Amino acid sequence: MQSTTVTSGWDFAVELRSDPASAEARSAILAKPAFGQSFTDHMVMANWTDDRGWHDPKVTAFAPLSVSPAAAVLHYTQEIFEGLKAYRHADGSVWAFRPDRNATRFVKSAERLALPVVPEDAFISALRALVTVDEPWVPSAEDGETSLYLRPYMIATEAALSVRPSREVLFGVIASPAGPYFDTGPKPVSIWLTTSTVRATPGGTGAAKCGGNYAASLAGLAEAVANGCEQVAFVDAAEHKWLEEIGSMNMFFVYADGRIATPELNGSILEGVTRSSVLELAADLGHEVEERRISADEWKDGVRTGEITEVFASGTAAVVTPIGRVAWPDGDLTIGDHSVDHGVGPITRSIRTTLLDLQYGRTPDTRGWLTRLV
Ligand SMILES: *Cc1c(COP(=O)(O)O)cnc(C)c1O
């Protein structure tokens, strides 16, 4: 299959800023990018109103937005977002990994949050427009796991406190250079298994990528940190029994017989692009893969008996992250052998490497998962 090149979409006006970062300032940021803290010189903006539809798509200087304090997003969280990366390959070209998936998910999220739809080709053209202008901000291929993180978003900007879908909306894309999630290679993280809060409910917005889900997850994260853990895992809202996901990542279990299982999509789990990719790549690597209900008890018992040998989380930002410990109010278990290979299990490592090699163009893209941006 051939790599896809999409050339349709919106036509973006380009307003280059007169005061871009100097080459020295940019190199200093690219030498050690902290996730989501520095942004490129430009950003994408497009406006929507119910009478005109989408209009004025442009690439313009990265700058604060001006919105009314009465803007609907500030009160009722009518907001969605996406997250994906632009990867520099050895020949200098810049690629996105399965951006069509993010575009489709952005449409679904918009529908769930009663926001207008950005057509999929327009979404991809927005990424290309920004990365073309800010191409020097894409880290070089030699820097290992560095990339340019792209954050499309949509917010309800109408100044109106009545509760109804906003008649004015802003779509934007910002970009932030991203270093490796772990400075010294992947390290196992600790997870707090909470049953005191849930992040999503049946019929709710769990399957949409919206800010409200994140707001709902923060108390659980604070509880995890208060209990000495780095991340939080949530169970389902109805029975408080079935594993759903970790704050912003999907979860996977590796069994002693080589099987790999992940919680099945139930309407309140976010369908990660990394999750879908891991399922396909793990099958290629010879693993039997399962999408099914997995209980918190199965996790605890499996680790205790040795039936579960590795646990990992998946998401664009951290790629594939090993989980080395799970704790809950009356228990605490270590997962895997922390004396070997920094506690990163061999199967977690092979899946992680397979995915990264594909994203950085070090292995052939046989599925057409890469889209060239620049
Ligand atoms: C974005 C996100 C993920 C990971 O999705 P990817 O497409 O793999 O980055 C997982 N869970 C939640 C809640 C998310 O918002």
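Keep in mind it's a predicted model, so treat the numbers as computed, not measured. (Residues numbered from 1 in each chain as written. Predicted model: local features only at pLDDT ≥ 70, side-chain atom pairs only at ≥ 80, totals over all residues. Heavy atoms only, no water.)

1. Re the layout of surface pockets
Rule in force here: For each structure, a 1 Å grid was placed over the protein atoms alone; sets of points admitting a 1.4 Å probe that cannot get out are labelled cavities, open sets with protein on both sides within 12 Å along at least five of seven lines are labelled pockets, and lining residues have an atom within 4 Å of a point. Grid points are joined across faces, edges and corners, and a volume is the space filled by probe spheres set on the points. In this text, helices come from DSSP runs of H or I with a minimum length of four residues, and strands from runs of E with a minimum of two, each type numbered from the N-terminal end. Asp, Glu, Lys and Arg are counted as charged, while Ala, Val, Leu, Ile, Met, Phe, Trp, Tyr, Cys and Pro are counted as nonpolar; the rest, among them Gly, fall into the polar class. Residue ranges for the domains trace back to a domain assignment, done automatically or taken from a database.
The calculated volume of the largest pocket comes to roughly 670 Å³. Taken together, 29 residues make up the lining of the largest pocket; nearest its centre are Tyr214, Gly247, Ser248, Met249 and Ala317. It is helix α5 (residues 211-226) that provides the largest number of residues to the lining of the largest pocket, a total of four residues. In terms of residue class, the lining of the largest pocket is built from 13 nonpolar, 11 polar and five charged. Empty space within the second largest pocket amounts to approximately 240 Å³. Contributing elements (two or more residues each) for the lining of the second largest pocket: α3 (99-112) and α6 (273-284). A per-element tally of the lining of the second largest pocket places α3 first, with four residues. Among the residues forming the lining of the second largest pocket, the class breakdown is four nonpolar, four polar and four charged. Built from parts of two domains, the lining of the second largest pocket gets at least three residues from each of domain 1 (13-180) and domain 2 (189-359).

2. What to know about the domain arrangement of the protein chain
For the record, the criterion: Residues are treated as being in contact if the distance between any of their heavy atoms lies within 4.5 Å. Buried surface area refers to the total accessible area, computed with a probe of radius 1.4 Å, that the two partners give up upon joining, counted for both partners together. Here, a salt bridge means any side-chain nitrogen of Lys or Arg that lies within 4 Å of a carboxyl oxygen of Asp or Glu.
Entries for the protein chain in the domain assignment read domain 1 (13-180) and domain 2 (189-359). Between the C-alpha centres of domain 1 and domain 2 there is a distance of 27 Å. Listed by partner, the interface residues are 21 residues for domain 1 and 24 residues for domain 2. Between domain 1 and domain 2 lies a buried interface of about 1900 Å² when both sides are counted; carbon and sulfur atoms form 57% of it. Here domain 1 is connected to domain 2 by two salt bridges. For Glu145, the salt bridge goes to Arg352, with nearest N and O atoms at 3.1 Å.

3. Side note on the pairing of strand β6 (residues 94-97)
Our working definition: Burial classes follow relative accessibility: with a 1.4 Å probe on protein chains only, a residue under 20% of its type's maximum area counts as buried, one over 50% as exposed, and anything between as partly exposed. Two strands are counted as paired when DSSP detects at least two bridges linking them.
A two-sided burial pattern is seen for β6, the buried positions comprising Val94 and Ala96 on one face and Trp95 and Phe97 on the other. Note that strand β5 (residues 84-88) and β6 share three bridges and pair antiparallel. The residue bridging Tyr87 from the neighbouring strand is Trp95, located in β6. Taking the residues that link successive antiparallel strands as the turn, the β5-β6 hairpin has five residues, and the phi of Gly92 there is positive, at about 95°. The sheet contact formed by β6 and strand β18 (residues 370-372) spans three bridges and is antiparallel. Across the sheet, Phe97 pairs through a bridge with Leu370, a residue of β18.

4. Re a nonpolar patch on the surface
Cut-off, in case you're wondering: The patch calculation keeps residues exceeding 30% relative accessible area without a salt bridge and links them within 9 Å when they carry like charges or within 5 Å when they are nonpolar (Val, Leu, Ile, Met, Phe, Trp, Tyr). Values of accessible area rely on a 1.4 Å probe in the Shrake-Rupley scheme; residue burial ignores everything except the protein chains shown.
Together, Leu65, Val67 and Leu74 line one region of the surface with nonpolar side chains, adding up to about 240 Å² of accessible area. Among the structural elements, Leu65 can be located in the loop between β3 (53-61) and α2 (72-76).

5. Description of the packing of aromatic side chains
Short version of the rule: Pairs were defined over the aromatic rings of Phe, Tyr and Trp, the Trp ring being its six-membered one, requiring ring centres within 6.5 Å. Orientation was assigned from the angle between planes: stacked under 30 degrees, edge-to-face over 60, tilted for the rest. Both a distance and an angle decide whether a charge sits over a ring: NZ of Lys or CZ of Arg must be within 6 Å of the ring centre and within 35 degrees of the ring normal.
For the structure on display, the rule yields 13 aromatic pairs. Ring centres of Phe97 and Trp369 lie 5.6 Å apart, and the angle between their planes is 90°; on these two criteria the pair is classed as edge-to-face. With Phe97 in strand β6 and Trp369 in the loop between α8 (346-359) and β18, this residue pair connects regions lying 272 residues apart in the sequence. The exposure class of Phe97 is buried, given its relative accessible area of 7%. Judged by relative accessible area, which is 6%, Trp369 ranks as buried. An angle of 50° between the planes, with centres 5.3 Å apart, marks the rings of Phe106 and Phe123 as tilted. Taken together, the residues span a long stretch of sequence, with Phe106 in helix α3 and Phe123 in helix α4 (residues 120-133) at a distance of 17 residues. The two residues Phe106 and Phe123 agree in class, both being buried. Through a chain of ring-to-ring contacts, three or more aromatic side chains come together here, namely Trp10, Phe12, Trp54, Phe106, Phe123 and Phe171. The ring of Tyr255 has Arg259 sitting right over it, with the charged end atom 4.4 Å from the ring centre. Geometry around Trp242 places Arg293 over its ring, the cationic atom sitting 4.0 Å from the centre.

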